[in-house]
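Coordinate inspection notes
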Amino acid sequence: MFDRQERYCKVAGGYTVVREVTASPVMLGDLTPAYWFIENAKHYCLLFAEARRFDYGSAYLTTEGNVLRGLLHPAAPPDTGGPVGK
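The rules behind the values
Residues numbered from 1 in each chain as written. Predicted model: local features only at pLDDT ≥ 70, side-chain atom pairs only at ≥ 80, totals over all residues. Heavy atoms only, no water. Helix = DSSP H or I, 4+ residues; strand = E, 2+ residues; numbered from the N terminus. Expected span 1.5 Å × (residues − 1). Buried < 20%, exposed > 50% of the residue type's maximum accessible area, 1.4 Å probe, protein only. Patch = residues over 30% accessible without salt bridge, like charges linked within 9 Å, V, L, I, M, F, W, Y side chains within 5 Å. Areas by Shrake-Rupley, 256 points an atom, 1.4 Å probe, with all protein chains shown as cover. Salt bridge = Lys/Arg side-chain N within 4 Å of Asp/Glu carboxyl O. Contact = heavy atoms within 4.5 Å.

This part covers the environment of Gly14. Within the secondary structure, Gly14 is located in strand S2 (residues 14-15). Sequence spacing of Gly14 and Thr32 is 18 residues, and the spatial spacing of their C-alpha atoms is 8.0 Å.

Below you can see the structure in the form of structure tokens.
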């Protein structure tokens, strides 16, 4: 997705929308919606930053980029060494 945004949406002043995807070459718009920065750039930073920005082992990251702490991954049941179900 990042590569395609770089290839098709990058313009001299930043990024823009694609008005018509069925045209060749694609027809670009003349604006950059705020949600591009809110959604895409935030996730690119979390995914591609060289320094770890988020610990996926101790919290969850929502699709909105919000961190949910206190929701622990379920622990495996203790191994009793006996037959399953007893």
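Moving on, we get to helix H2 (residues 34-48). At 3.6 residues per turn, the α-helix brings residues three or four places apart onto the same side. Compared with the 21 Å implied by 1.5 Å per residue over 15 residues, the 21 Å span of H2 between its first and last C-alpha is a close match. Where H2 is concerned, the buried positions are Trp36, Asn40 and Tyr44.

Together, Phe2, Leu47, Phe48 and Tyr56 make up an exposed nonpolar region whose accessible area comes to about 430 Å². Residue placement: Leu47 occurs in helix H2.

Moving on to the side chain of Thr16. Looking at the secondary structure, you find Thr16 in the loop between S2 and strand S3 (18-20). Excluding residues within four positions of it along the chain, Thr16 makes contact with Cys9, Val11, Leu28, Gly29, Asp30, Leu31 and Thr32.

Here Gln5 lies in helix H1 (residues 2-9). Gln5 gets classed as buried once you look at its relative accessible area, which sits at 12%. Excluding residues within four positions of it along the chain, Gln5 makes contact with Lys10, Tyr15, Trp36, Asn40 and Tyr44.

Turning our eyes to something else, we now look at the environment of Trp36. On the secondary structure map, Trp36 appears in helix H2. Using a relative accessible area of 13% as the deciding quantity, one classes Trp36 as buried. When the C-alpha atoms of Trp36 and Thr16 are compared, they prove to be 9.0 Å apart, with 20 residues separating the residues in sequence. Leaving out residues up to four positions away in the same chain, Trp36 has contacts with Gln5, Tyr15 and Ala41.

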